[in-house]
Amino acid sequence: MTRDDQAGKLRQLMRDVRTTRTIAVTGGKGGVGKSNVALNLAILLSAGGNRVALVDADLGLANLDVLLDVAAPYDLSHVVRGRKRLAEVIVDLPCGVQLVPGASGLEHLTRLGEFEQARLIEELTALEADNDFIVVDCAAGIAPATIRFATSADNTILVSTPEPTAITDAYAVVKVLTRHGYDGRMSLLTNMVADRHEARASYERLSGVARQFLAMRVLDAGYVLRDVKLPDAVRRREPVVLAYPRCPATRCLAALANKLGRGGLLVKEEMGFFRRLARWFA
Ligand SMILES: Nc1ncnc2c1ncn2[C@@H]1O[C@H](COP(=O)(O)OP(=O)(O)O)[C@@H](O)[C@H]1O
Ligand SMILES: [Mg+2]
């Protein structure tokens, strides 16, 4: 066997044993960049050769389908109401990402009979097994649904701007997750910063209080610079990393995606995200 063959075999082996990593993107407030971070991270991870599903668990403003300019006529609420199968609501995006629209419809899982519930969870679990990463775009704040999605993921990325109010709101999320016994990894991504010093100061502030008052470790996921190309891309309804592959925001997001792709910051899923999530609703 040549060296290349061996390397290929090893890669295959590593692929077989690899399990899915789930990342819930959340934060204390709306408008801090959660959806854009979730969407663009998903695209970058996919471009890096990973199989990625992007779950829209926020039905607030700026839905992922709006950011992407794709039609998502159905969402998980249709599956939950028994109108559609999971495969019919998933949108295969051109960038290779599988979009799962309207996951907050899972709130009404109890409307399903026991058999249908089990079938849906099976389908979602299969989707999970088929992907290397599940990225969940969560709503902001400490609403019960947000907490359920975040605590079901093994990894949460809190998005915050450097403003003290945003940091305080992000801290409230850390507090609630901690109170719910969250045992995954939490990290802070500071968005719309002027430079890395501003980001570092925000990280020190949040991680300091989390350590001191909650005995909780918050990791540093880095930062995304304030970049006019981002709102510009949003207006064009194109993900910034595709519209402007070399702009400052894209570079920052790519640095994070690289780190995550190499397994940095993250822990692997043990029980399965959707199974854990289903326990909340069933
Ligand atoms: N790095 C950034 N630089 C400049 N503007 C940004 C940046 N990130 C987000 N924005 C602006 O914030 C708006 C809200 O972002 P969005 O991802 O929808 O936030 P959320 O999901 O937290 O509500 C975007 O439409 C964009 O105009
Ligand atoms: Mg959003």
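Structure first, text after, so check above.
Colleague: Hey, could you run me through the overall build of the protein chain in this one?
Modeller: Helix and strand content of the protein chain: 13 helices and 8 strands. Taken over C-alpha atoms, the radius of gyration comes to 18 Å for the protein chain, in line with the 19 Å a tight globule of 282 residues would show. Projecting the C-alpha coordinates of the protein chain onto the three principal axes gives extents of approximately 55 × 50 × 40 Å. Put simply, of all contacts in the protein chain between residues at least 6 apart along the chain, 78% involve residues at least 24 apart. Accessible area for the protein chain stands at about 13300 Å²; split by element, carbon and sulfur atoms hold 52% of it. Each charge class in the protein chain can be summarised by its mean position, and for the 37 positive and 32 negative side chains these summaries are 4 Å apart.

Colleague: So what exactly am I meant to see when it comes to the sheet that holds strand 5 (residues 133-138) here?
Modeller: Working definition: the strands of a sheet are paired by backbone hydrogen bonds and lie parallel or antiparallel to each other. Spatially, the 8 strands line up as an open sheet ordered 3-4-2-5-1-6-7-8, and their pairing is mixed. Bordering the open sheet on either side are strand 3 (91-92) and strand 8 (218-225), each of which pairs with just one other strand. Here strand 3 runs beside strand 4 (residues 98-100); their pairing, made up of 2 bridges, is antiparallel. Residue pairing in the sheet places Asp92 in a bridge with Gln98 of strand 4. Contacts from helix 9 (residues 196-214) reach strand 6 (155-160), strand 7 (185-193) and strand 8, with the element oriented near 155° to strand 8.

Colleague: Looking at this structure, how should I read helix 12 (residues 248-261)?
Modeller: Think of an α-helix as turning once every 3.6 residues; residues three or four places apart then point the same way. Over its 14 residues, helix 12 runs 20 Å from end to end, which matches the ideal 20 Å to within 8%, given 1.5 Å per residue. Of the positions making up helix 12, those classed as buried are Ala249, Thr250, Cys252, Leu253, Leu256, Ala257 and Leu260. Buried residues of helix 12, seen end-on, are gathered within an arc of 160° and therefore sit on one face of the element. Where helix 12 terminates, the next one or two residues include Gly263, which has phi positive at roughly 90°.

Colleague: Please clarify how the environment of Thr125 should be interpreted in this entry.
Modeller: Mapped onto the elements, Thr125 comes out in helix 6 (residues 114-129). The contacts of Thr125, once residues within four sequence positions are left out, are Phe274 and Arg275.

Colleague: Got a minute to help me understand the site of ligand 1 in this structure?
Modeller: Neighbouring ligand 1 are 17 residues, the closest being Gly31, Lys34, Ser35, Asn36 and Asn191. One nitrogen or oxygen atom from the side chain of Asn191 is found 2.9 Å from a nitrogen atom belonging to ligand 1. For the shell around ligand 1, the elements supplying multiple residues, two or more each, are helix 2 (34-47), strand 7, strand 8 and helix 10 (229-236). The residue inventory of the shell around ligand 1, partitioned by class, reads 8 nonpolar, 6 polar and 3 charged.

Colleague: Please explain unusual backbone geometry as it appears in this structure.
Modeller: Where the residue is not glycine, phi is negative for most of them; where a peptide bond is considered, it is trans in most cases. Non-glycine residue Met192 carries a positive phi angle of around 60°. When you line up the elements, Met192 lands in strand 7. Judged by its relative accessible area of 24%, Met192 is partly exposed. Residues other than glycine seldom take positive phi values, yet Ala215 does so here, at roughly 50°.

Colleague: Before we go on, may I ask you to explain the nonpolar core in this structure?
Modeller: Soluble globular proteins tend to pack their nonpolar side chains together in the buried interior. Counting 47 residues, the largest nonpolar core has Leu76, Leu106, Leu109 and Phe149 as the members making the most contacts within it. Counting residues per element, this core draws most heavily on helix 8 (residues 164-179), which supplies 6 residues. Val52, Leu93, Val224 and Leu230 belong to the second largest nonpolar core, which has 44 residues in total.

Colleague: Explain the packing of aromatic side chains to me, please; I cannot follow it from the model alone.
Modeller: Aromatic rings considered in pairs are described by the distance between their centres and by the relative angle of their planes. Counted by the stated rule, this structure contains 1 aromatic pair. On the numbers, 4.9 Å between centres and 70° between planes, the contact of Phe273 with Phe274 is edge-to-face. Residues Phe273 and Phe274 agree in their burial class; the two are buried. A cation over an aromatic ring shows up here: Lys84 above the ring of Tyr74, its NZ or CZ 4.4 Å from the ring centre.

Colleague: I would appreciate a short explanation of the state of the cysteines in the present structure.
Modeller: As used here, a disulfide is simply a covalent bond connecting the sulfur atoms of two cysteines. If you walk through the whole model with that rule in mind, you get 0 disulfides. With no disulfide of its own, Cys138 lies 19 Å from the sulfur of Cys95, the closest cysteine sulfur. The structure places no disulfide on Cys247, whose sulfur is separated from the nearest cysteine sulfur, that of Cys252, by 8.6 Å.

Colleague: Would you mind showing me how to read the pairing of strand 2 (residues 52-57) here?
Modeller: Two faces make up the sheet, and in a regular strand the side chains alternate between them. In terms of burial, strand 2 is largely enclosed, as 6 of its 6 residues are buried. On strand 2, burial covers both faces: Val52, Leu54 and Asp56 on one face and Ala53, Val55 and Ala57 on the other are all buried. As defined by bridge partners, strand 2 adjoins strand 4 across 3 bridges and the pair is classed as parallel. For Ala53, the partnering residue across the bridge sits in strand 4 and is Gln98.

Calculation notes
Residues numbered from 1 in each chain as written. Chains lettered and ligands numbered in written order. Predicted model: local features only at pLDDT ≥ 70, side-chain atom pairs only at ≥ 80, totals over all residues. Heavy atoms only, no water. Helix = DSSP H or I, 4+ residues; strand = E, 2+ residues; numbered from the N terminus. Rg over C-alpha atoms; globule rule 2.2 N^0.38 Å. Contact = heavy atoms within 4.5 Å. Areas by Shrake-Rupley, 256 points an atom, 1.4 Å probe, with all protein chains shown as cover. Lys, Arg positive; Asp, Glu negative; His and termini not counted. Charge placed at Lys NZ, Arg CZ, Asp CG, Glu CD. Pairing = 2+ DSSP bridges. Axes fitted to C-alpha atoms, helices over the stretch in contact; angles between N-to-C directions. Expected span 1.5 Å × (residues − 1). Buried < 20%, exposed > 50% of the residue type's maximum accessible area, 1.4 Å probe, protein only. Arc of directions from axis to C-beta. Near = heavy atom within 4 Å. Polar contact = N/O pair within 3.5 Å; in protein donor to acceptor, adjacent residues only side chain to side chain. Nonpolar A, V, L, I, M, F, W, Y, C, P; charged D, E, K, R; others polar. Core = buried A, V, L, I, M, F, W, Y, C linked by side-chain atoms within 4.5 Å. Phe/Tyr/Trp six-rings, centres within 6.5 Å; stacked < 30°, edge-to-face > 60°. Lys NZ or Arg CZ within 6 Å of the ring centre and 35° of its normal. Disulfide = S-S within 2.5 Å.

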